[in-house]
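If you want the building blocks of each chain, they are given just below.
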Amino acid sequence: MSFREKSIGASLLITLVVWGFYFQRVYQHWQQGALDIANIGGLLLGAVILTIILEVVTQSVIAAHGAVGTGEGTGAPRQDERDRAIVYRANYYGSYVLGAGVVMAVIAALATQNLVFTLNILIMHFIASEVFVYLLQLYFYRRGL
Amino acid sequence: MGRLKSAIDNRIKTLRFEHQAMTQQQLADEVGVTRQTIVAIEKGNYSPSLEVAFRIARAFDRSLEEVFQFRESS
């Protein structure tokens, strides 16, 4: 598995775990009828900060490990035209998920008039888009572009 | 979605062995791409840009057509 695949795999795992936990808590608040900014604000901030910390730590470990054992990072670039093409194509398809999220958020805003609910619909599609992009990138690395 | 096999065949693996068993990493360093990209090109999982294709051909002192062949039937 290449450095890029490990990096994407780690990001995918972090996103699923942190934001899975976030949406589980949001769902609990929603069921209790307590979906307001006071409950969600701290949770959202915590999820963002935790994601950043975990990303920095895991990407640093992967980069350090990759530089030692695999021969990568010893002269050849870490990213080249194929990596950029994969990112570009995955983001292209991912943008459809994000676009669908914007439409859903508009519908949610009009239907519920609930800012926090609408915000979470938008965040959910943003995270779904990220997960989709990571999965597509892994697919393109494995099966070809 | 993305095609699985490129319409371009190549002789990179053969040419590497004809050039003192050049490793994929050595070729990657000479061309300026990652080893994984050389692997993908060799397997036909990725069609390189014209610039990279020329760089690969130059690494073997061959013309582009001697390294890459377009498969008409695909």
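Residues numbered from 1 in each chain as written. Chains lettered and ligands numbered in written order. Predicted model: local features only at pLDDT ≥ 70, side-chain atom pairs only at ≥ 80, totals over all residues.

Undergrad: What am I meant to see in the overall build of chain A here?
TA: The number of helices and strands found in chain A is four helices and zero strands. The principal-axis extent of the C-alpha atoms belonging to chain A is close to 55 × 30 × 20 Å. Burial status across chain A gives 22% buried among its 145 residues. Pairs at least 24 residues apart make up 78% of the contacts formed inside chain A by residues separated by at least 6 positions. (Helix = DSSP H or I, 4+ residues; strand = E, 2+ residues; numbered from the N terminus. Buried ≥ 20, exposed ≤ 12 C-beta atoms within 10 Å, placed from the backbone. Contact = placed C-beta atoms within 7 Å.)

Undergrad: Explain helix α4 (residues 115–143) of chain A to me, please; I cannot follow it from the model alone.
TA: The α-helix advances 3.6 residues per turn, and as a result positions three or four apart in sequence lie on the same side. Residue and element names in this part refer to chain A. Between its first and last C-alpha atoms α4 spans 41 Å; for 29 residues at 1.5 Å apiece the expected length is 42 Å, and the two agree. For α4, the full list of buried residues reads N120, I121, H125, I127, S129, V133, Y134, L136, Q137, F140 and Y141. Buried positions along α4 lie against α1 (3–31) and α3 (81–112). With its phi angle positive at about 105°, G144 sits one or two positions after the end of α4. (Expected span 1.5 Å × (residues − 1).)

Undergrad: When you look at the packing of α1(A) against α4(A) in this model, what are you seeing that I'm missing?
TA: Relative placement of two packed helices is described by the angle separating their axes and the distance separating the axes. Residues and elements named next belong to chain A. In the contact formed by α1 and α4, the axes pass within 10 Å of each other and the chain directions differ by 155°. As far as their axial angle goes, α4 and α1 are roughly antiparallel. Viewed along their axes, α1 and α4 form a crossing whose handedness is left-handed. Contact residues: α1 offers R4, E5, I8, G9, S11, L12, T15, L16, W19, F23 and V26, while α4 offers N120, M124, I127, E130, V131, Y134, L135, Q137, L138 and Y141. (Axes fitted to C-alpha atoms, helices over the stretch in contact; angles between N-to-C directions. Parallel < 35°, antiparallel > 145°, perpendicular 65-115°, else oblique. Left-handed = near helix turned anticlockwise from the far one by under 90°.)

Undergrad: What is the right way to read the packing of α3(A) against α4(A) from this model?
TA: Residue and element names in this part refer to chain A. Viewed as axis vectors pointing N to C, α3 and α4 meet at an angle of 165°, and their least axial separation amounts to 8 Å. Comparing the axis directions of α3 and α4 gives the class roughly antiparallel. Here the hand of the crossing between α3 and α4 comes out right-handed. Of the residues belonging to the contact of α3 with α4, the class tally is 21 nonpolar, eight polar and one charged. (Nonpolar A, V, L, I, M, F, W, Y, C, P; charged D, E, K, R; others polar.)

Undergrad: For this particular structure, what's the right way to read the environment of A:V57?
TA: Residue and element names in this part refer to chain A. Here V57 is to be found in helix α2 (residues 37–69). Its 12 C-beta neighbours within 10 Å are what place V57 among the exposed residues. C-alpha separation for the pair V57 and V133, spaced 76 residues apart in sequence, amounts to 21 Å.

Interpretation in functional terms is not warranted from these geometric data alone.
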